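Summary of structural features
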Amino acid sequence: MVDADGAETSPVEQSAEITDSLVDAAKEAFGDDLWERRLAELFAFFRRRITGAYEVDDFGFDVELTERFLLTALRPLAENWFRIDVRGAGNIPSVGGALVVSNHSGTVPIDGLMTALVVHDHANRFLRMLGADLIFRLPFIGELARKGGATLASTEDTEEMLSAGELVGVWPEGYKGIGKPFSERYQLQRFGRGGFVSAALRTGVPIVPCSVVGAEEIFPLVGNIPSLARLLKVPYIPVTPFFPWLGVLGMVPLPSKWLIEFGKPLRTDSYPAESADDSTLVGNVTDQVRETIQQTLHSLLLRRGGVFS
Amino acid sequence: MGRVVLVTGVGRDFGGRFARLIAKDPVVDRVIGVDVVPPPADLGEVHFVRADIRHQVIGKVIADDEVDTVVHLGVAATTSSAGRRASMREVDVVGSMQLLAACQQAASVARLIVKSSARVYGSSPSDPAKFREDMSPRRMPSSGSGKASVEVEGYVRGFARRRPDVCVTLLRFANLIGPQVNTMMTRYLELPIVPTVLGFDPRLQFCHDEDALDALHHSALADVPGCFNVAGAHVLTLAQAVRRLGRPHIGVPPLALGTLGSLIPQLRQADLSAEQISFLTHGRGVDTTAMRRILGFEPKFTTPEAFDDFAARSPAAAMHLERVAELERQVATLIAKARIYGRR
């Protein structure tokens, strides 16, 4: 081995130099005091990943991957790009099953991811998202969704999760909400048939209304290509002022200012479990939740002022 | 007088092991094992009858020995020879029909236990996370052993309607796994490089073969009618399972996987049929609440435990674990050395 001065260096010295720079890098990344423990943790983490010695739950939720990678990757987007203000995080029950019901918007379901991150960071719980089967049909996206704690929006899975004491997130507007034109922003669409209310009634868990302001402006949807959408078997092909005209650049979400508010939980345990089949009651509760979210959206919009402020 | 048990499918390793197991039970007087091929190992006290269950001779066997318990294992063929697969499935379906017809004639038969498979649920992106026994598949298995199992289950239900006095127990097993198991799934997992479906990491559930034997044994004596999923608790994802085996895996587009499967001889052994590819894409989980609560059976192994028991037979896995741990130790030592060096 020959170094820059032409002097011989032993492999031992050389490897020591390499580790020196490694240690310096570790100190830089983790801080002076903690680096040793953090580094050991990181090693253990990689060993678990490589040897498959980690755990996933029955739905495919990988806690370790979610906390270490998925949420970490989303955090800068939430904090620096959308500058999310969170209100009413105390309304999220700290233990036990509960159903977070939110409005849906933004052409792609970033609002769901942001809500999950906010719930984790402000209420210290994982939001188990319910998604359409389209998500689970897509390569990579479906895989990440399951690992991030999502499952199929079906009665069976919802009730299973709620009775296991999970915090479940649902977006009852579905495609109608997320794919609505920009001109209809902040107008809640129909809340399906109230299946989420039935599930909450059957399991007796509270419903937490959640209102998200800001996601409507990230990809302003001005058009759709229905023929191509049918061909690709997706609900719509979005056309925004920037997509598909600018290609990949058009996929960058606009930096709108976000506000997320969690409302007072609506208790369902006062109703008997059979009331889940009472369509009048289910309809009434659905309307009540929808009305709460719509009103909160209006008041949040007034509070926000400018779209990018 | 003790029980007289007839076991089909003893020509396979699993069937033979079950026949020997139940023959040891004190409440069982006599065990008759039936298959078209002689058993690979000595069956001990089991009385072997070489017969094709597609022929009426089976009815005579049942009548002559006054069989009261029939355990039908000749379903969901896990054949080793790729070419005979289709005809084996035919044997299974037609054989099951004939066996059920023979049971229907025999007044002595009081209970029927049928080994089926969780494949009857199919695999699709619209599946619930865990199938309960009363849920129907979102996408019917249109071919392969899943379809054969669906057909056999149909005949079993028909039999249960015609003979309401017989206690019929149908067990839907998750993929069997264990050091002694050799199925298309184990052959797939033990490929030198495991090709997976690009962009998907399916959830898999396993049942240890010893648990499967115990579940059948339990059902044969418990007299609990109904249909039950049998599987170890929890799930593993495919990537996780392959990593536990210490093997590399590589993502392949689903269409290419089918083509590769028929071109490469090693892959042909692993039987990458359309059914298997959709299973390797979307995976499957089953709910085992009924197994615990109603059937009253508790498996010894969870899914990860069963899988690790299987992985232990593979030398690569043990080496792999040691190697990764060794690497971690080396790096840690290096850093410790560097710190001492740095202080100087």
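Thresholds, definitions, all that
- Residues numbered from 1 in each chain as written.
- Chains lettered and ligands numbered in written order.
- Predicted model: local features only at pLDDT ≥ 70, side-chain atom pairs only at ≥ 80, totals over all residues.
- Helix = DSSP H or I, 4+ residues; strand = E, 2+ residues; numbered from the N terminus.
- Buried ≥ 20, exposed ≤ 12 C-beta atoms within 10 Å, placed from the backbone.
- Contact = placed C-beta atoms within 7 Å.
- pLDDT = per-residue confidence, 0-100.
- Domains from an automatic or database assignment.
- Pairing = 2+ DSSP bridges.
- Axes fitted to C-alpha atoms, helices over the stretch in contact; angles between N-to-C directions.
- Nonpolar A, V, L, I, M, F, W, Y, C, P; charged D, E, K, R; others polar.
- Arc of directions from axis to C-beta.

A few points about the overall build of chain A
Check the secondary structure of chain A and you find 11 helices and nine strands. C-alpha extents for chain A along the principal axes are approximately 85 × 45 × 40 Å. Of all 309 residues assigned to chain A, the portion counted as buried reaches 39%. For chain A, contacts bridging at least 24 residues in sequence account for 74% of all contacts bridging at least 6.

Structural notes on the confidence of the model for chain B
All names here are of chain B. In the predicted model, chain B carries a mean pLDDT of 88, and 94% of its residues have values of at least 70. Counting contacts from residues 76-83, a segment whose pLDDT is below 50, to residues more than four positions away or on other chains yields 18 contacts. The ipTM assigned to the predicted complex is 0.87, against a pTM of 0.89.

What about the domain arrangement of chain A?
Domain parsing of chain A yields domain 1 (11-51) and domain 2 (63-218 + 253-304). The distance between the C-alpha centroids of domain 1 of chain A and domain 2 of chain A comes to 39 Å.

A closer look at the sheet that holds strand 5 (residues 111-117) of chain B
Residues and elements named next belong to chain B. Strand order in this open sheet of seven strands is 3-2-1-4-5-6-11, and the pairing throughout is parallel. Two strands lie at the open edges of the sheet, namely strand 3 (47-50) and strand 11 (226-230), each paired on one side alone. Strand-to-strand twist across the sheet, computed as the mean angle between neighbouring axes with direction ignored, equals 20°. Relative to strand 4 (residues 69-72), strand 1 (residues 3-8) runs parallel, the two sharing four bridges. Across the sheet, residue valine 7 finds its bridge partner in strand 4, namely valine 71. Together, strand 1, strand 2 (28-35) and strand 3 form the strand contacts of helix 2 (residues 57-65), whose direction differs from that of strand 2 by roughly 170°.

Here we look at the sheet that holds strand 9 (residues 259-262) of chain A
Residues and elements named next belong to chain A. Across the sheet, seven strands lie side by side as 1-9-6-2-5-3-4; this open sheet has mixed pairing. The open sheet is flanked by strand 1 (85-87) and strand 4 (151-152), the only strands paired with a single partner. The sheet contact formed by strand 3 (residues 127-131) and strand 4 spans two bridges and is parallel. Note that in strand 4 the partner of leucine 130 across the bridge is threonine 151. The strands touched by helix 4 (residues 110-123) within the sheet are strand 1, strand 2 (98-102), strand 3, strand 5 (167-170), strand 6 (207-213) and strand 9, with strand 3 carrying the most contacts at an inclination of about 165°.

A word on the interface of chain A and chain B
In this assembly, 28 residues from chain A lie in contact with 30 residues from chain B. If you list the elements that add at least two residues to the side of chain A that touches chain B, you get helix 1 (11-30), helix 2 (35-51), helix 5 (133-137), helix 6 (141-147), strand 4 and helix 7 (155-163) of chain A. Here the side of chain A that touches chain B is composed, by residue class, of 11 nonpolar, eight polar and nine charged.

Observations regarding the environment of glutamate 79 of chain A
Inspection of the secondary structure puts glutamate 79 of chain A in helix 3 (residues 63-81). Sequence-wise, glutamate 79 of chain A and valine 119 of chain A are 40 residues apart; in three dimensions their C-alpha atoms are separated by 14 Å.

Brief notes about helix 12 (residues 303-311) of chain B
Buried within helix 12 of chain B are the following residues: Thr303, Pro304, Ala306, Phe307, Phe310 and Ala311 of chain B. One face of helix 12 of chain B carries all of its buried residues, which in axial projection span an arc of 160°.

Remarks on unusual backbone geometry
A cis amide bond links phenylalanine 243 of chain A with the next residue in sequence, proline 244 of chain A, at an omega value of 0°. Relative to the assigned elements, proline 244 of chain A resides in the loop between strand 8 (238-239) and strand 9. The backbone of glutamate 66 of chain B sits at a positive phi, close to 50°, despite the residue not being glycine. Secondary-structure assignment places glutamate 66 of chain B in the loop between helix 2 and strand 4.

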